[in-house]
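# Working through the structure, step by step
Chain residues, written in single-letter form:
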Amino acid sequence: MHISSIPFGITDWSKIAPTEHKGETGTAWWRTCQFGPIRVRMVEYSPGYLANHWCKKGHILLCLNGEMESELDDGRKFILTQGISYQVADNAEAHRSYTRVGATLFIVD
């Protein structure tokens, strides 16, 4: 990732209106900022959320609270809890998210 042409700034996430994204089950609410080609999101997942697709987009993701399970299309599963992150490149391993209890993630892609 090459970050350029973005002046210093701060983001008050509480002032960004969330957009609703339904999963196969549950709902995700995204608060999104776009900085040139870089998308930055604060995402809240309801308990029982299961993504409705396998994602091939690269991300750097940090779990702020709750618990999220990331499943890869080869069957491997990884549990993220507060303070745990993952990173994956575009088109590297397809993945999808599930949370039994709900979670809040900070995502850069």
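A few points on the structure. (Residues numbered from 1 in each chain as written. Predicted model: local features only at pLDDT ≥ 70, side-chain atom pairs only at ≥ 80, totals over all residues. Heavy atoms only, no water.)

## Focus on the overall build of the protein
If you tally the helices and strands in the protein, you get 0 helices and 9 strands. In the protein, the order of α-helices and β-strands from amino to carboxyl end is β-β-β-β-β-β-β-β-β. Sorting the 109 residues of the protein into buried and exposed places 37% on the buried side. Pairs at least 24 residues apart make up 58% of the contacts formed inside the protein by residues separated by at least 6 positions. Per element, the accessible surface of the protein, about 6,700 Å² overall, is 54% carbon and sulfur. Positive and negative side-chain charges in the protein, numbering 11 and 12 respectively, have mean positions lying 3 Å apart. (Helix = DSSP H or I, 4+ residues; strand = E, 2+ residues; numbered from the N terminus. Buried < 20%, exposed > 50% of the residue type's maximum accessible area, 1.4 Å probe, protein only. Contact = heavy atoms within 4.5 Å. Areas by Shrake-Rupley, 256 points an atom, 1.4 Å probe, with all protein chains shown as cover. Lys, Arg positive; Asp, Glu negative; His and termini not counted. Charge placed at Lys NZ, Arg CZ, Asp CG, Glu CD.)

## A look at the pairing of strand E7 (residues 85-88)
What you see with E7 is a clean split: Tyr86 and Val88 sit on the buried side and Ser85 and Gln87 on the side with no burial. Across 4 bridges, the pairing between strand E5 (residues 59-72) and E7 is antiparallel. When the sheet's bridge partners are listed, His59 is paired in E7 with Val88. (Pairing = 2+ DSSP bridges.)

## Structural notes on the side chain of Thr104
As for its placement among the helices and strands, Thr104 is situated in strand E9 (residues 103-108). Leave out the neighbours within four places in its chain, and Thr104 touches Met42, Val43, Glu44, Leu62, Cys63, Leu64 and Asn65.

## Details of the packing of aromatic side chains
Applying the stated criterion across every chain, the model contains 2 aromatic pairs. For the pair Tyr45 and Tyr49, a centre-to-centre distance of 4.7 Å together with 50 degrees between the ring planes defines the contact as tilted. Both residues of the pair, Tyr45 and Tyr49, count as buried. The ring of Trp30 is capped by Arg41, whose NZ or CZ atom sits 4.3 Å from the centre of that ring. (Phe/Tyr/Trp six-rings, centres within 6.5 Å; stacked < 30°, edge-to-face > 60°. Lys NZ or Arg CZ within 6 Å of the ring centre and 35° of its normal.)

## A look at the pairing of strand E1 (residues 19-22)
Pairing between E1 and strand E2 (residues 27-35): 4 bridges, direction antiparallel. What sits directly across from Lys22, in E2, is Thr27. As consecutive antiparallel partners, E1 and E2 are separated by 4 residues, and within that stretch Gly26 has a phi angle of approximately 75 degrees, a positive value.

## Focus: the environment of Ile3
As for its placement among the helices and strands, Ile3 is situated in the segment before E1. With 32 residues separating them along the chain, Ile3 and Phe35 place their C-alpha atoms 9.1 Å apart.

## Regarding the pattern of salt bridges
This structure, assessed with the given rule, holds 8 salt bridges. Linking Lys15 and Asp12 is a salt bridge whose minimum nitrogen-to-oxygen distance equals 3.8 Å. The class for Lys15 is exposed, based on a relative accessible area of 69%. A network of salt bridges, in which partner residues are shared, links Arg39, Arg41 and Asp109. (Salt bridge = Lys/Arg side-chain N within 4 Å of Asp/Glu carboxyl O.)

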